[in-house]
Amino acid sequence: MIDLSKVIGYSKDCLQSRSLMRAVILDLYPGQTREMNVLLDVYESGVPREIRRAGAITDSQYAAYVQRIVNDYGLQEKYVMEGLDAWIDQCIGVGTAAKIHKPSILLSSGANANPQPRPIKHATIGAQSVQNVAGSAFYFDLKSVDADSVEIIKFKGFDEKELTVPSTIDRKKVVGIGKDAYKACKSVEKIIIAEGITYIENGAFAECPMLKEVILPSTLKRIGSKEDSSKTDRFSYLMSMENEGVFAQTTIGHIILPTGLTYLGKETFSGCSSLEEIDLPNGITEIKSRTFSSCSTLKKVLLPDELKTIGEFAFFGCSKLQEITLPVKVTKILEYAFCSCGMLKNVQLNEGLYAIENNVFENCSAMTEITLPSTLTDIGKEVFNLHEYHSPYDRRRNGWYSDNNNPKLTIYCYAGSKGLEYARNEGIPIKDASKR
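Read on for an overview of the structure. (Residues numbered from 1 in each chain as written. Predicted model: local features only at pLDDT ≥ 70, side-chain atom pairs only at ≥ 80, totals over all residues. Heavy atoms only, no water.)

For the rest of this paragraph, the subject is the sheet that holds strand β20 (residues 369–371). The three strands lie next to each other as β20-β24-β25, forming an open sheet whose pairing is parallel. Across the chains shown, the open sheet's two edge strands, defined by having one partner strand only, are β20 and β25 (430–432). Taking the axes of each pair of neighbouring strands and ignoring which way they run, one obtains an average angle of 25 degrees across the sheet. In this sheet, strand β24 (residues 410–413) lies alongside β20 in parallel orientation, the contact comprising three bridges. Bridging across to β24, Ile370 finds its partner in Ile411. The strands touched by helix α10 (residues 418–426) within the sheet are β24 and β25, with β24 carrying the most contacts at an inclination of about 155 degrees. (Pairing = 2+ DSSP bridges. Helix = DSSP H or I, 4+ residues; strand = E, 2+ residues; numbered from the N terminus. Axes fitted to C-alpha atoms, helices over the stretch in contact; angles between N-to-C directions. Contact = heavy atoms within 4.5 Å.)

See the structure below:
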């Protein structure tokens, strides 16, 4: 058993780098390689420094730290817990770790704990894509990317039921599909995108009302144009008529995203009323604004482990969505993200989440309870409100609509937390999350 106090006492300089600490431990404890590597990984994660600065740690923070280290370093939970306990005793005081309640979810027991999701194995693209498909420049407008590569900026052929985006055109590699390139092809039902294509710009296949199936290449890295992080207010969103998403307003029911995908642009699947489920690969760190808005049949979403932000209106109007579990790295949910998800009932928010903006769960009428994490520091207005529109007979007395907190909702929160303060100010019933 490695004694950290002995290690640090032997050489205080060892805290300056991993290599110095490793050398000291090897001098004092030769042969204890596994335990040494775990302690080094926990130290390298930065968690001990956070604990030392805070001077305290809660059981929920402990759970979040363990999951973070497990995800980042691929270690087993039991070893991470041993290493973290050693650092807690060193940073706060001997015996502190033994007093912390280890949440049962970490030991795969206890049904009432607030679960932290484990790493997800996402679906691979499989062997469905096609290669070496040649096309003719007669059917396309092209833009040169470099001496050997081109981007398709306009498809000029006929709307056949099945179209293949070629891998080469006149001996030049096709690497991208430009903005609105296949937009409003009214008859196409299936699109096959050949291997070698790495990006698709906004609107490329938008407003293809018969499009049901899309085969994507494993080489694809980006869907949607790069854009700034400016927000869209609710009025502008509701009044907007332009479909910028790559597959907006199509009838795609299922699509496999390649595991190498790292970017999903705004409105990508906006208005895809037949889309029932989606598996987002781990390279995606942000769900952009309106990505799945008005996907009225969307029932299942598998979120990526590396996800950090959920954008405004991201799942607006996903009326069949019943549950959502946030990965451990999510830090903020932007305005109206889950607004008008009328069947959304089971929501698992992660420890580490610090911001929930205005109206995020507005008009989620099926929600009866939610646990707000202890890490929450910012929560907006009307987060859990319900709008009730009135008949002409009631408008004189009540106005066009009333806007109040969901009367069925109970908030589980922690003593001294922002969640407790918010719920109390809003008059929402509260319960102690640590006793769930």
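It is worth spelling out the side chain of Glu195 at this point. Relative to the helices and strands, Glu195 resides in the loop between β7 (190–193) and β8 (199–200). The buried charged residue Glu195 lacks any salt bridge partner; its closest oppositely charged side chain belongs to Lys221, at an N-O distance of 9.5 Å. (Buried < 20%, exposed > 50% of the residue type's maximum accessible area, 1.4 Å probe, protein only. Lys, Arg positive; Asp, Glu negative; His and termini not counted. Salt bridge = Lys/Arg side-chain N within 4 Å of Asp/Glu carboxyl O.)

Moving on: the nonpolar core. One recurring pattern in soluble globular proteins: nonpolar side chains tend to sit buried together. In this structure, Phe205, Phe292, Phe315, Phe338 and Phe361 are the most contacted members of the largest nonpolar core, which totals 79 residues. If you list the elements that add at least two residues to this core, you get β3 (149–155), β4 (162–165), β6 (172–177), β7, β24 and α10. Once residues lying within four places of it in the same chain are set aside, the contact partners of Phe338 are Ile310, Phe315, Leu321, Ile324, Ile333, Leu344, Val360, Phe361, Glu362 and Cys364. By size, the runner-up hydrophobic cluster in this structure holds 31 residues, among which are Ile2, Ile8, Ile25 and Val42. (Core = buried A, V, L, I, M, F, W, Y, C linked by side-chain atoms within 4.5 Å.)

Listed in full, the buried residues belonging to helix α4 (residues 47–54) are Val47, Pro48 and Ile51. The arc that holds every buried residue of α4, seen down its axis, measures 100 degrees, which confines them to one face. A positive phi of about 75 degrees marks Gly55, the residue just after α4. (Arc of directions from axis to C-beta.)

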